[in-house]
Amino acid sequence: MLRNSGGVGVGGQPWVLRRVRLTWLSFMLFFILVFFPLIAHYYLTTIDEAGGPDKRIFGPRPGGELCEAKHVQDLCRIRESVSEELLQLEAKRQELNGEIARLNLRIEACKRSIDSAKQDLLQLKNVISQTEHSYKELMAQNQPKLSLPVRLLPDKEDPGLPPPKSSRSCRLHSCFDYARCPLTSGFPVYVYDTGSYSWGDYLDPLVKQAFAASVKSNIYVTDNPSIACLYLVLVGELQESPSPQPSPAELEKQLKALPYWRSDGHNHVLVHLSRKSMTQNFLYNVSAGRAAVAQSTFLEQQYREGFDLVVSPLVHALSEPNFLEVPPQVPVKRKYLFTFQGERVESLRSSLQEAPPQSFEEEMEGDPPADYDDRIIGTLKAVQDSHLDQVLVEFTCKNPRSSLPTEWALCGEREDRLEVLKASTFALVIAAGDGQLVASAGCGMRLFEALEVGAIPVVLGDHSRLPYHQFIRWSEAAIIVPKPRVTELHFLLRSLSDNDMLAMRRQGRFLWETYFSTSENVLNTILASIRTSIQVPAAPINEEPAHEIPHKAGKLAGTDANLADNGDLDLGPVETEPPYASPRYLRNFTYTASDIYRAWNRAPGPFHLFPHTPLDPVLPSEAKFLGSGTGFRPIGGGTGGSGKEFQAALGGNVPREQFTVVMLTYEREEVLMNSLERLNGLPYLNKVVVVWNSPKPPSDDLLWPDIGLPIVVVRTEKNSLNNRFLPWDAVETEAILSIDDDAHLRHDEIMFGFRVWREARDRIVGFPGRYHAWDVNHQSWLYNSNYSCELSMVLTGAAFFHKVRSSTSLTYFPHMFAIRDMVDEYINCEDIAMNFLVSHITRKPPIKVTSRWTFRCPGCPQALSHDDSHFHERHKCINFFVKVYGYMPLLYTQFRVDSVLFKTRLPHDKTKCFKFI
């Protein structure tokens, strides 16, 4: 058994040993094949590096030792050549890329130059075309602009015109020396001192004081008598004194002794102001020569039609009327249909007879009646007794005032009479029974009191001469009825509609405020009457001097991309000419001569009665340009054509026009600078007037943007929102864009608003609309800013209006002083006040353009309008303004102007609003 075991062990190895040997052999072969080349390579490389460049075995050898073969040498040469060419091409590529970049920059610069040149060429073509048209206009008109002629004054002793046949036949052409009053004279007036003539001691002290105070504030009065056009002499009213008054002969002698009477008194006006209903007509027997007489009482044989002047009585001598105590103009119908209180002693007995009066026809069959007053008394009593309407007629007085013969005396005290008139829809004014008395102070007093409290005057007696009847169309404020029609009076008064009565009451209020209310207005009206009669234009209004704050401009302002993006809307050519002002005094002479009645009888009367603004106040019906009707078409208007041609023209009836931006600001320098920069590139902009309302001056290091146009920074005397509407002399254009410093408007919106305003120059044209509403629960007016399809106001924080509004509205309307005080007290409501005024003057609502309802500036600080008390104050302002005006002048409108080129976005809940295009 052992042998067999050993045999097996010797004769054949176990399979485990054979496998181990095979594994070891495989590992050795792998080591030899893998690691031996690596070790050899490392060794050879080490020897190559240590042996130096000359003893290298595998490295490149100089002289091309490795390129012994010919094809190897060719390949080496090709490789070297290609490498050099690639390096050269890379250098050329970089050079060409740089050249391409430089050429691209030059191409862009050339494109900009071409675009700029095209724009300049287009602007030059427009300027050349407009210049050619202007030249043709001037050649066709043959009316070159002339300088004012030199004024030549007559000698002191120059007799002037030959004397008329009789002083009773005096008229302007025969008794007035026009040589002393050229059209360009400015209408200087010399007023005699009441202490320089002896009868001045007999004058009523109140009349003297009131007259002297009015003279001091009048712009026409001069201290140089040698250049005077007119000479004023105050001759009454005389005070009641026990001492004897000068006789007519003595008075005539003293008149001739005046230093500038010049033998006949030409260009003199004798002024007699009445404070009482019973006034002395002591000039009746005085020969005034060629001097005109202005007083309240005239006899027919004394009055010289077209030469003498019937004036209103001086009721408020030194006191100013309180407009808050004036009763409101609404409701239209009051307690009494009409009232009359008076007594005429001469006819009192006949008026109380019980016998039935005869009819007018029966009396006319016999001898013509000498007096209709008895018939008037009977008829009015019959109306009162009929009780068809509530009327109040009284023909007896407990305390009658003194009156002239055949005139109706006033009853009681003035306060009692006013209380009765406040409850009267109509107030009867019965003319004197004597037809020779064509004007009396008593009738003038009744007329004054009726207009003051809003009772519509009804004048019985068409022969009466009402104050300033040559100029005032009294039929618009009063009812004038011949005495024979007294039987039809009741029917006539009941037939008037509420709208007609309200219009007459409003016109009467305007006449009273403008011409009768104060001593200053009375003097202004007397002078305006004479100046209008001789066709001398009014003097310009004194503009507010703009005290400019020095400032330095910074870098050129850029253009906001949001403002410049106008879509398809072309704003028209940007003006290349320097800023130009609106033409001045082009129509003042013809306007004074041709529009007398319209100037005296419309609400904007101060445009012409009182001093002109330096700008010609052009209203819609007067929108004419110099040389209109010559056949040449002005550039900018009437071009018609398709959309692009229409867009490129400014439009309207004025060929060349720009506007001024008036921007109110208060200590918001960053917001102001951003707003000014947004105006860069705005077409037709003349200049920007920044009204600096803060007492602190601007920062010294503040850099103002350079917008290519003048920026005038005006220093104000006090912080007042009324400063927005002051007539700054820096504003030289008719169009004013009033804008807040935080208002954010696009250029296309501003241009569209300017286009619309040029078609409605007498109205406010703006963007955000507001309206007023009646609160039934509290019986008061409310201010509302909610989105609505109806509006009655446009905020002046972004609105166009005429400069004449700022010139006359805040100066010649007496009630505006109370409104301005209210604005200063609340620091609010100035925009409401301007809307009230313009609607009161024009009787038209404002015009809203575009669908914009707000104009808040993104990122701007909080404004005053965000205060909780803001709306409460505006509610109070509206009710206060209504009380001052006596009625609500604001008018509702559903009219909105949108351009067909605008893309209007309406809220979903307002899609039913009408849009007028």
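Residues numbered from 1 in each chain as written. Predicted model: local features only at pLDDT ≥ 70, side-chain atom pairs only at ≥ 80, totals over all residues. Heavy atoms only, no water.

**Quick word on the overall build of the chain**
Alright, step 1. Each helix and strand counted, the chain has 24 helices and 26 strands in total.
Alright, step 2. Scored against the burial criterion, the 917 residues of the chain give a buried share of 49%.
Alright, step 3. Contacts in the chain between residues far apart in sequence, at least 24 positions, make up 80% of those at least 6 positions apart.
Alright, step 4. Summed over its atoms, the accessible surface of the chain is roughly 46400 Å², and 57% of this surface lies on carbon and sulfur atoms. (Helix = DSSP H or I, 4+ residues; strand = E, 2+ residues; numbered from the N terminus. Buried < 20%, exposed > 50% of the residue type's maximum accessible area, 1.4 Å probe, protein only. Contact = heavy atoms within 4.5 Å. Areas by Shrake-Rupley, 256 points an atom, 1.4 Å probe, with all protein chains shown as cover.)

**Here we look at the pairing of strand E7 (residues 336–341)**
Alright, step 1. Most of E7 sits inside the fold, with six of its six residues counted as buried.
Alright, step 2. In this sheet, strand E9 (residues 424–430) lies alongside E7 in parallel orientation, the contact comprising three bridges. Along E9, the bridge assignment pairs Phe338 with Phe426.
Alright, step 3. By the bridge criterion, three bridges tie E7 to strand E8 (residues 392–394) in an arrangement that is parallel. (Pairing = 2+ DSSP bridges.)

**Some points on helix H24 (residues 869–885)**
Alright, step 1. For H24, built from 17 residues, the straight-helix expectation of 24 Å at 1.5 Å per residue is met to within 8% by its first-to-last C-alpha distance of 24 Å.
Alright, step 2. Three or more residues of H24 are buried, namely His870, Glu873, Arg874, Cys877, Ile878, Phe880, Phe881, Val882, Val884 and Tyr885.
Alright, step 3. Buried residues belonging to H24 abut helix H13 (498–516), strand E21 (769–775), strand E22 (780–784), strand E23 (793–794), helix H22 (816–826) and helix H23 (830–842).
Alright, step 4. Among the residues trailing H24, Gly886 stands out with phi positive, at a value near 90°. (Expected span 1.5 Å × (residues − 1).)

**Side note on the pattern of salt bridges**
Side chains that differ in charge, positive against negative, can pair when their charged atoms come close.
Alright, step 1. Summed over all chains, the structure comprises 36 salt bridges.
Alright, step 2. Each of Arg414, Arg417, Glu449 and Glu452 takes part in salt bridges that share partners, so that together they form one network. (Salt bridge = Lys/Arg side-chain N within 4 Å of Asp/Glu carboxyl O.)

**What about the environment of Lys718?**
Alright, step 1. Note that Lys718 resides in the loop between strand E18 (711–715) and strand E19 (735–740).
Alright, step 2. Spatially, the C-alpha atom of Lys718 lies 6.8 Å from that of Asn693, the residues being 25 residues apart in sequence.

**Considering the sheet that holds strand E16 (residues 685–692)**
What links the strands of a sheet is backbone hydrogen bonding, and the strands pair in either a parallel or an antiparallel sense.
Alright, step 1. Strand order in the open sheet formed by nine strands is E13-E18-E16-E15-E19-E24-E20-E25-E26, with mixed pairing between adjacent strands. What marks the edges here is a single partner per strand, and that holds for strand E13 (547–548) and strand E26 (896–897).
Alright, step 2. Its contacts with the sheet put helix H19 (residues 669–678) on strand E15 (659–665), E16 and E18, and the angle it makes with E16 is roughly 170°. (Axes fitted to C-alpha atoms, helices over the stretch in contact; angles between N-to-C directions.)

**Things to note about the packing of aromatic side chains**
Within a pair of aromatic rings, the relevant descriptors are the distance that separates the centres and the angle that separates the planes.
Alright, step 1. Scanning the entire structure with this criterion turns up 28 aromatic pairs.
Alright, step 2. Between the aromatic rings of Tyr192 and Tyr260, the centroid separation amounts to 6.3 Å while the plane-to-plane angle is 45°, which identifies the pairing as tilted. You can see Tyr192 sitting in the loop between strand E1 (189–191) and helix H5 (205–217) and its partner Tyr260 sitting in the loop between helix H6 (248–256) and strand E3 (268–272), a full 68 residues away along the chain. Note on accessibility: Tyr192 and Tyr260 belong to one class, buried.
Alright, step 3. Here Trp774 and Trp781 contribute two aromatic rings whose centre-to-centre distance is 5.0 Å and whose plane-to-plane angle is 70°, an arrangement assigned as edge-to-face.
Alright, step 4. Its relative accessible area of 19% is what places Trp781 among the buried residues.
Alright, step 5. What links up through ring pairs into an aromatic cluster is the set Tyr468, Trp474, Phe510, Tyr515 and Phe516.
Alright, step 6. In this structure, Arg344 is placed above the aromatic ring of Trp408, and the distance from its NZ or CZ to the ring centre is 5.9 Å.
Alright, step 7. The ring centre of Tyr783 lies 4.3 Å from the NZ or CZ of Arg874, which sits over that ring. (Phe/Tyr/Trp six-rings, centres within 6.5 Å; stacked < 30°, edge-to-face > 60°. Lys NZ or Arg CZ within 6 Å of the ring centre and 35° of its normal.)

**Observations concerning the side chain of His266**
Alright, step 1. Examined against the element boundaries, His266 turns out to sit in the loop between H6 and E3.
Alright, step 2. A polar atom in the side chain of His266 sits 2.6 Å from the side chain of Asp264. (Polar contact = N/O pair within 3.5 Å; in protein donor to acceptor, adjacent residues only side chain to side chain.)

**Considerations on the nonpolar core**
Alright, step 1. In terms of nonpolar packing, the biggest core is built from 86 residues, with Phe187, Leu232, Leu270 and Phe516 touching the most fellow members.
Alright, step 2. Examining the composition of this core, we find that six residues originate from one element, strand E2 (residues 230–236), more than from any other.
Alright, step 3. In contact with Phe187, other than residues within four places in its own chain, are Tyr220, Cys229, Leu230, Leu527, Ile530, Arg531, Ile534 and Val536.
Alright, step 4. Val714, Phe725, Met822 and Cys877 belong to the second-largest nonpolar core, a separate cluster that totals 44 residues. (Core = buried A, V, L, I, M, F, W, Y, C linked by side-chain atoms within 4.5 Å.)

**Overview of a nonpolar patch on the surface**
Alright, step 1. A grouping of Trp24, Leu25, Leu29, Phe30, Phe31, Ile32, Leu33, Val34, Phe35, Phe36, Leu38 and Ile39 is seen on the molecular surface, where their side chains present a nonpolar patch of about 1300 Å² in accessible area.
Alright, step 2. Here Phe31 is to be found in helix H2 (residues 15–50).
Alright, step 3. Residue classification places Phe31 among the partly exposed residues on the basis of a relative accessible area of 38%. (Patch = residues over 30% accessible without salt bridge, like charges linked within 9 Å, V, L, I, M, F, W, Y side chains within 5 Å.)

**A short note on H13**
Alright, step 1. Here H13 is 19 residues long and its end C-alpha atoms lie 26 Å apart, about the 27 Å a rise of 1.5 Å per residue gives.
Alright, step 2. The buried fraction of H13 amounts to 15 of the 19 residues, a majority that puts the element mostly inside the structure.

**A few points about the pairing of strand E4 (residues 292–295)**
Alright, step 1. Neither face of E4 is exposed, since Ala292 and Ala294 on one face and Val293 and Gln295 on the opposite face are all buried.
Alright, step 2. Direction of pairing for E3 relative to E4: parallel, over a ladder of three bridges. Bridging from a neighbouring strand, Val269 pairs with Ala292 of E4.
Alright, step 3. Strand direction decides the pairing type here: E4 and strand E6 (residues 309–310), joined by two bridges, are parallel. Each bridged residue has a counterpart across the sheet, and for Ala294 the counterpart in E6 is Leu309.

**A closer look at the packing of helix H11 (residues 441–453) against H13**
Alright, step 1. At a minimum axis distance of 8 Å, the contact between H11 and H13 shows a crossing angle of 120°. Both H11 and H13 take part in a crossing whose hand is left-handed. Within the contact between the two elements, H11 uses Phe448, Leu451 and Glu452 and H13 uses Gly508, Trp512 and Phe516.
Alright, step 2. Among the residues making up the contact of H11 with H13, the classes are represented as four nonpolar, one polar and one charged. (Left-handed = near helix turned anticlockwise from the far one by under 90°. Nonpolar A, V, L, I, M, F, W, Y, C, P; charged D, E, K, R; others polar.)

**Section: the confidence of the model for the chain**
Alright, step 1. Per-residue pLDDT for the chain averages 79, and the proportion of residues at 70 or more is 75%.
Alright, step 2. Contacts from residues 603–642, a stretch scored under 50 in pLDDT, to residues over four places away or in other chains number 124 contacts.
Alright, step 3. Note on residues 910–917: pLDDT is under 50 here. Beyond four places in sequence and across chains, it has 13 contacts. (pLDDT = per-residue confidence, 0-100.)

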